[in-house]
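A look at the structure
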Protein chains: 2
Amino acid sequence: MSNGRSLLPMSRSGADLALLLLGGFRSLADAATAELARRGHEDVRPVHDFAMRAIAAGADNASELGRRLSVSKQAAAKTVAVLQERGHVTREADPLDGRRKRLRVTPLGHEVLRQGEAIFDELREEWEQRIGPEALATLETHLTTLVGSRPVRLDAPGLPLRDLDEPL
Amino acid sequence: MSNGRSLLPMSRSGADLALLLLGGFRSLADAATAELARRGHEDVRPVHDFAMRAIAAGADNASELGRRLSVSKQAAAKTVAVLQERGHVTREADPLDGRRKRLRVTPLGHEVLRQGEAIFDELREEWEQRIGPEALATLETHLTTLVGSRPVRLDAPGLPLRDLDEPL
DNA sequence: CCAATTAGACAACCTTGTTGTCCATCAACA
DNA sequence: TGTTGATGGACAACAAGGTTGTCTAATTGG
């Protein structure tokens, strides 16, 4: 009686659960990336969205961004470089601190953020229609309980968790 | 009554849902990788586990492995190379087909698989204890409905989905 | 028997991370 | 004021895990 439902033909292994979660994420992320591309914003990945969001939320220099994203400042700087190249953020010298380059999300960047958000919300609604709003809400509640609010890194699943540049 | 629970301070955005799913996966995967390392199997990532499982399940050459993992045969070959180097799989000439190198999971490889499975199952049990077995089962059922049984790729979330080597 | 397909090797490259080093600037304190 | 330490950023080198493209050898099918 280790499992009262052993008659149902469904996955009960921990590994399958993990794959299911990953599959869920990828479904959403891939669909969103594709849709964003269709709307004219090529090659915007979750990482970019996430980074812009952090910048908009106050991480206005590369080092700070790295800290928020739990990533080295060098990695953050690289991401910033591509965002800048695409015109999604600007970098200008900080008049108050000669070391800093102040980051700001451009109107174009904000537009991308807005559309990304809308697309994710549409996808979520689709899911609501498929399993019902209550079921989805419950799922979210439980996941929140399980995952907690630890910061989530967006990079490749399976990288070793290491100490980062200048740890807190 | 668009949402009967609007008083609860929880996420209702599609992006948060995605992050929650990713967070769930990473929680499990990171914990499993760490625990596996603690048990003496350093640096075994989900990709390796997944690949070994496919090999054990019959993908006994690199090209076939690539197909099963939805990855180019070259990428599969690289993975095989590290598995071989670690003594988790062997590669020997196929006597029936001079082109093929037949892959086989070694006893050590099987041991890693076994332990990995056990660890994931333990993690799942932990989750069961935190939200209850029924809740977790429901969550799995719903997720299965939503993501279906499409093959899930384990690589970095956010890579563009492209046509692969020698498409089906 | 020849043409097409397939397995694998090899090389070059991309992306997104990581270190490590180095310099300029700021902040703090004797 | 001046030295010392911390911080921001740039640059280079490298790793992991993907991708393509090209090439050879072996097998398979007409």
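Quick note: structure is the one above.
All of the points below concern the structure found in this document. (Residues numbered from 1 in each chain as written. Chains lettered and ligands numbered in written order. Predicted model: local features only at pLDDT ≥ 70, side-chain atom pairs only at ≥ 80, totals over all residues. Heavy atoms only, no water.)

1. With respect to the overall build of chain A
Cut-off, in case you're wondering: By the criteria applied, helices consist of DSSP H or I runs no shorter than four residues and strands consist of E runs no shorter than two, each listed in order from the N terminus. To sort residues, take the accessible area from a 1.4 Å probe on protein chains only and compare it with the maximum for the residue type: under 20% means buried, over 50% means exposed, and anything in between is partly exposed. Note on contacts: a residue pair is in contact if any heavy atoms of the two residues lie within 4.5 Å.
Secondary structure assignment for chain A yields six helices and two strands. The buried share of chain A, taken over its 168 residues, is 45%. Intrachain contacts of chain A at a sequence separation of at least 6 include 56% that bridge at least 24 residues.

2. Description of the pattern of salt bridges
All names here are of chain A. The condition that has to hold: Any carboxyl oxygen of Asp or Glu that lies within 4 Å of a side-chain nitrogen of Lys or Arg is treated as forming a salt bridge with it.
In total, this model carries 34 salt bridges over all chains according to the counting rule given. Ionic pairing is found between Glu64 and Arg67, a salt bridge with its closest N-O pair at 2.5 Å. Residue Glu64 and its partner Arg67 are located together in helix α3 (residues 62-69), separated by three residues, close to a single helical turn. In this structure, Glu111 and Arg114 form a salt bridge, with 3.3 Å as the shortest nitrogen-oxygen distance.

3. What about the side chain of B:Asp94?
Residue and element names in this part refer to chain B. Formally: In this tally, Lys and Arg are treated as positive and Asp and Glu as negative; His is ignored, and so are the chain termini. For the purposes of these results, a polar contact is taken to be a pair of N or O atoms within 3.5 Å, where, inside protein, one atom must be able to donate a hydrogen and its partner to accept one; residues adjacent in sequence count only when each atom of the pair is a side-chain atom.
One can find Asp94 in the loop between β1 (89-93) and β2 (101-105). Look at Asp94: it is buried, it has no salt bridge, and the nearest opposite charge is Arg100 at 4.9 Å. Here the side chain of Asp94 touches Leu96 through a polar contact of 2.7 Å, landing on its backbone nitrogen. What Asp94 contacts, discounting residues up to four positions off in sequence, is Arg100, Lys101 and Arg102.

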